[in-house]
Each structure stands twice: as C-alpha cells, then as structure tokens.
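# Topology and contacts: notes
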Amino acid sequence: MKVLQLTYRATSLSALASIAVLATSSVAVAQDPAPEPPVIQPLPAEPPPPPPPGLPPEPVQGEFLPPPPMAPPPPVEEEPAAAPGGLKISAFVDAFYSFQTAKQGSASPVHRAYDAQSWVSNSDTNAGFAQNGFGLSFAGIDASYDGGQLGATISLRAGPSVPIFYAGDTGPLGIDNITQAYATWSPTPQLSIDFGQFSTIFGAEVAESWHNLNYTRGGLYYAMQPFWHTGLRASVSPNDKVTVTGMVVNGVNTIRDDNETPSLALQLSVTPNELFALSAGWLTTLQPSSDGGVFDNFFDLVASLTIERFTLILNADLCINGDKENIGPGYEQFLDDPMFWGVSLAAGYQATDLFGIALRGELLSDTDNQLYKVTRSNFGVTFPTTQQTNVVTVTGTLDFKPVNGSNNLVIRWDNRIETSNEEVFFNRSENPTNVWFGSTLGVVVSTDG
C-alpha cells in the first residue's frame, strides 16, 4: 500500500514538473518578441507659404498679434514752376450808338465818361460835350511778355475816348495812345515789381467796357477815382488768399508831378474763398498844399460776391484834400479840408450763356463843390458855391453774347437816368436841368474772349 502511494506521489510530482517546464517555456517564448516589419518614414511636410507682402506673420498660439506697421507717408510732389507764358497779343474794337436828352454840343457833367460825348481840348476849353448818334469809343491792342522773372506790358489805344481818358489832348508825340507801358521783375513767385506807367489799383470798374457789368462806366469811376499812375508798384502775395500792393508814384493821372515829393499808396486784397473778395486801399499826397490835384488823401473799398451766375459788387470812395484856395474875378475862397465821396452798388445775373442783365445804382456827393464847380451870382460877381452837389445815377443793362460758347462778341444796351440837387445837366433846349436820360447800344469785338 505504501509502495502504491509512493509511486502515485512520484508520478504526480513528475507530472507537475513537466507542467512547470512547459509553463516556463511558454513564458520565455512570449517574452521573446517576433521581429517587426521595416518602418517606412513619411516625406517631410512642405513649409507653409509666406504671408503676402505687407501682412504680419500668423501668431503662435498664446502670443498677441503685433500691431500692423504704419503705412509710409505719400511722397510729397513739388509743384512745378509755372512755365513762362511768352508773348501774348490781343486786340479789340468798341463802338456804340447813343441818344440822350441833352442837346448835341451842350456841356457834359464832370462824371460822364467815354460814351455819349466828345472831348474838346484847346487853349480855351478842355471839357466834354454831348454827342448823339454813332461813335467809336476805343480801338486797342494789348501786348504782354512773360519771360519768367522778367516781363513787359504795353496797352495802346486809339479813338475819341483817348482824350476823355486823359481829360485832355496830350498830342501825338506824348502818351496820347499809351494807357499802359511798364516792365515787370518777379524775383520770387510771391513778389512782383512794376516800373513805368500802369492802370490804377483802385476801383471796381475799368476803361474796357466788356470787363464791367454795365456798358457805360459809372460816375464814381470817372469823377472820383484815379485812372493811372507813373512810378513804381510792388505786389507781395504770401499765399493765394492775400495780396499786399504798394505804390510810389507821381501823383494821379500824370507822367510828371508838380512837386518833388511822390505820392504813396497801399492796398490789401483778401480772397478767402471763391465767392467773396475784398480790397481796401489808401493813397496820399505828401505835400497836398502844393499839389493841384484832388486826391490828397484817397480811400477806396471794393467788395464782391459771386454765386454761380450772380455777381454783386460794392465800391465806396472817400477823398479828403488839403486846404484849397479858389481865386477869381471879384472873389477869393478858402476851403478847409474839402472832401467828396461816393458809393456804387452793381448786380449782374447771367441767365444763360447768351443773355444777361445788370443793374447799377450810385450816389455821388461833392461836399465842397470841388468837382462840379456849380456857380452862383451875387452883385454881378459869379463865383463857385461851397455847398454840396449830390448826383444819383441808375443804370440798367441787357447783355447779349450771340456767339455761343464765346465772349468775343458782346452787345449791350444801357438805359441810364440821372438826377441832382443842382442843375448840372442840360435838356434838348440847352437849358440847365437837374434830370438827364441816355440810352446807349454798345458793341465790342475782342480777340481775348
């Protein structure tokens, strides 16, 4: 029995040993891995495309986006210098037909300009006289040369209005046919200097009719303003809105002064925008007691407003002279600071390119009777009164430019009425009166339209 038990235990132990050996072999086999297949490495990824020029790079996660770079300032373009204009020549002819209530050949008042009168200048008379019918006002040629820093201007005039412009006949060898002749030097674009004979810087109207709103020139223009000067003129423009002009000249409307002291003038012109313009000027005679003129201390104001096709122009003048003395047969007068003044308001509307209208009103006051020289008679002595003479003028104008798109042909019809507190006019019977009417049809052809 014991032998059988021993045999059984031996057999059991042998079986367990065999199982243990098998288990150990399995673990060993499991711990020895099988060879892995070869790994194929992928190609390296292509780098991302660079950002477009001017854009910042993509931010890394966790970083703030940097501010974009500031755009470079635009390049500053220098304004090219204005090219010299070279030689420019223009011409015009101005003719008219007029009718007035004054008799042909009767004396014209001192404020009547160019149209409706003729001028007589001789040893006994230097004045204008009424004219009805057809007439030539001006035929003119203007030439200017712009050479950059140097230039020249000359204006030649012919016709019956030339002696009216000069208030006298200067003769064929004088300045009879020259209204302007001066040289210009512009050392900088902001400074211009003129030397010679040139038109005045004062007033709203000019001798050339088509540059004004009305065909006939106003009484303020002809009786109370200078026409031209001889001397030196300089203009300074610090910008395109402000211009300061100064003059040193031989008085007013003369090539020679009657003393050795020149007249001085200063004007400020302001153009703040395209609608409005303003000019204020002053002219003074340094020795008024020895100057026979009537512009000892002259003040001028011009203001204009332009809104599309509508234009409004205001012009006001004041002249205060030095003490004057009037001496004649049987009388002697002394005037302390005699003065005269006037104001003009004109409005124009260009309804179409062909048709336009204009209206002008004026008030002239000759406070001390320096201009009109109205006389009184007392005890057989005729003498100039020292009371003021006032004149009111109203002018209506129809404007017609028949050539479409061009201003080379201008036809204007003026109707004008004047009245005064003194009898400074004449009627059809050649008797003095205080009311006057005139109608004028003016035709202007110019090459500079």
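Residues numbered from 1 in each chain as written. Predicted model: local features only at pLDDT ≥ 70, side-chain atom pairs only at ≥ 80, totals over all residues. Heavy atoms only, no water.

### Let's talk about the overall build of the chain
Of the regular secondary structure elements, the chain holds three helices and 24 strands. Put simply, the chain has 449 residues, and 36% of those count as buried. Summarising the internal contacts of the chain: among those between residues at least 6 apart in sequence, 59% fall at separations of at least 24. For the chain, the exposed surface amounts to about 26,200 Å²; the carbon and sulfur share of it is 64%. (Helix = DSSP H or I, 4+ residues; strand = E, 2+ residues; numbered from the N terminus. Buried < 20%, exposed > 50% of the residue type's maximum accessible area, 1.4 Å probe, protein only. Contact = heavy atoms within 4.5 Å. Areas by Shrake-Rupley, 256 points an atom, 1.4 Å probe, with all protein chains shown as cover.)

### Remarks on the packing of aromatic side chains
Applying the stated criterion across every chain yields a total of 15 aromatic pairs. Geometrically, the ring pair formed by Phe-92 and Trp-210 is tilted, given 4.6 Å between the ring centres and 55° between the ring planes. Here Trp-210 lies in the loop between strand S7 (191-199) and helix H3 (219-224) and Phe-92 lies in strand S1 (residues 86-100), a separation of 118 residues in the sequence. Of the two residues, Phe-92 and Trp-210, neither departs from the other in class, the shared state being buried. Members of the aromatic cluster, connected to one another through ring pairs, are Tyr-114, Phe-138, Phe-165, Tyr-166, Tyr-221, Tyr-222, Phe-227 and Trp-228. The ring of Trp-436 is capped by Arg-112, whose NZ or CZ atom sits 3.7 Å from the centre of that ring. Here the guanidinium or amino end of Arg-217 rests over the ring plane of Tyr-215, the centre of that ring lying 6.0 Å away. (Phe/Tyr/Trp six-rings, centres within 6.5 Å; stacked < 30°, edge-to-face > 60°. Lys NZ or Arg CZ within 6 Å of the ring centre and 35° of its normal.)

### Side note on the environment of Ala-204
With respect to the helices and strands, Ala-204 occurs in the loop between S7 and H3. Sequence-wise, Ala-204 and Leu-345 are 141 residues apart; in three dimensions their C-alpha atoms are separated by 10.0 Å. The contact partners of Ala-204, leaving out residues within four places of it in the chain, are Asn-212, Val-302, Ile-313 and Asn-315.

### Some points on the side chain of Asp-94
Turning to its location among the elements, Asp-94 is positioned in strand S1. For the buried residue Asp-94, which engages in no salt bridge, the nearest side chain bearing the opposite charge is Arg-217, 4.8 Å off. Within the local environment of Asp-94, its side chain forms a polar contact with the side chain of Ser-209, the two groups lying 2.9 Å apart. Excluding residues within four positions of it along the chain, Asp-94 makes contact with Leu-136, Ser-137, Phe-138, Ser-209, Tyr-215, Val-443 and Val-444. (Lys, Arg positive; Asp, Glu negative; His and termini not counted. Salt bridge = Lys/Arg side-chain N within 4 Å of Asp/Glu carboxyl O. Polar contact = N/O pair within 3.5 Å; in protein donor to acceptor, adjacent residues only side chain to side chain.)

### A short note on the nonpolar core
Formed by 26 residues in total, the largest nonpolar core has its most connected members in Phe-202, Met-224, Met-247, Leu-283, Phe-295 and Tyr-372. Listing elements by their share of this core, those giving two or more residues are H3 and strand S9 (242-249). With three residues, H3 is the single largest residue contributor to this core. Every residue in contact with Met-224, bar those within four places of it in the chain, is listed here: Gly-219, Phe-295, Phe-298, Asp-317, Phe-340, Trp-341, Gly-342, Leu-364, Ser-365, Asp-366 and Leu-371. Of all hydrophobic cores here, the second largest spans 19 residues; its members include Ala-113, Trp-119, Ile-164 and Phe-227. (Core = buried A, V, L, I, M, F, W, Y, C linked by side-chain atoms within 4.5 Å.)

### Some details on unusual backbone geometry
Although it is not a glycine, Asn-253 adopts a positive phi angle of roughly 55°. Position of Asn-253 among the secondary structure elements: in the loop between S9 and strand S10 (263-270).

### Comments concerning the confidence of the model for the chain
Confidence along the chain averages 84 in pLDDT terms, with 78% of residues attaining 70 or more. Looking across the chain, the model is least confident in helix H1 (residues 2-31), with a mean pLDDT of 42, and most confident in strand S21 (residues 409-420), with 98. In this model residues 1-32 is a low-confidence stretch, pLDDT under 50, and it forms zero contacts with partners more than four residues away in sequence or in other chains. (pLDDT = per-residue confidence, 0-100.)

### Focus on the pattern of salt bridges
Inspection of every chain in the model, using the stated rule, returns 13 salt bridges. With a shortest N-O distance of 3.9 Å, Asp-448 and Lys-88 are connected by a salt bridge. In this pair, Asp-448 is assigned in the segment after strand S24 (435-446) and Lys-88 in strand S1, connecting sequence segments 360 residues apart. Residue Lys-88 is classed as partly exposed on the basis of its relative accessible area, which comes to 46%. Residue Lys-324 pairs with Asp-296 through a salt bridge whose shortest N-O separation is 3.2 Å. Of the two residues, Lys-324 sits in strand S14 (residues 324-328) while Asp-296 sits in the loop between strand S11 (276-285) and strand S12 (297-307), which places them 28 residues apart along the sequence.

### Section: the environment of Thr-245
Within the secondary structure layout, Thr-245 lies in strand S9. Overall, Thr-245 belongs to the buried group, its relative accessible area being 6%. Sequence-wise, Thr-245 and Arg-233 are 12 residues apart; in three dimensions their C-alpha atoms are separated by 7.1 Å. Aside from chain neighbours lying at most four places away, what touches Thr-245 is Ile-201, Arg-233, Ala-234, Ser-235, Ala-265, Leu-266 and Gln-267. Separated by 3.1 Å, the side chains of Thr-245 and Ser-235 make a polar contact.

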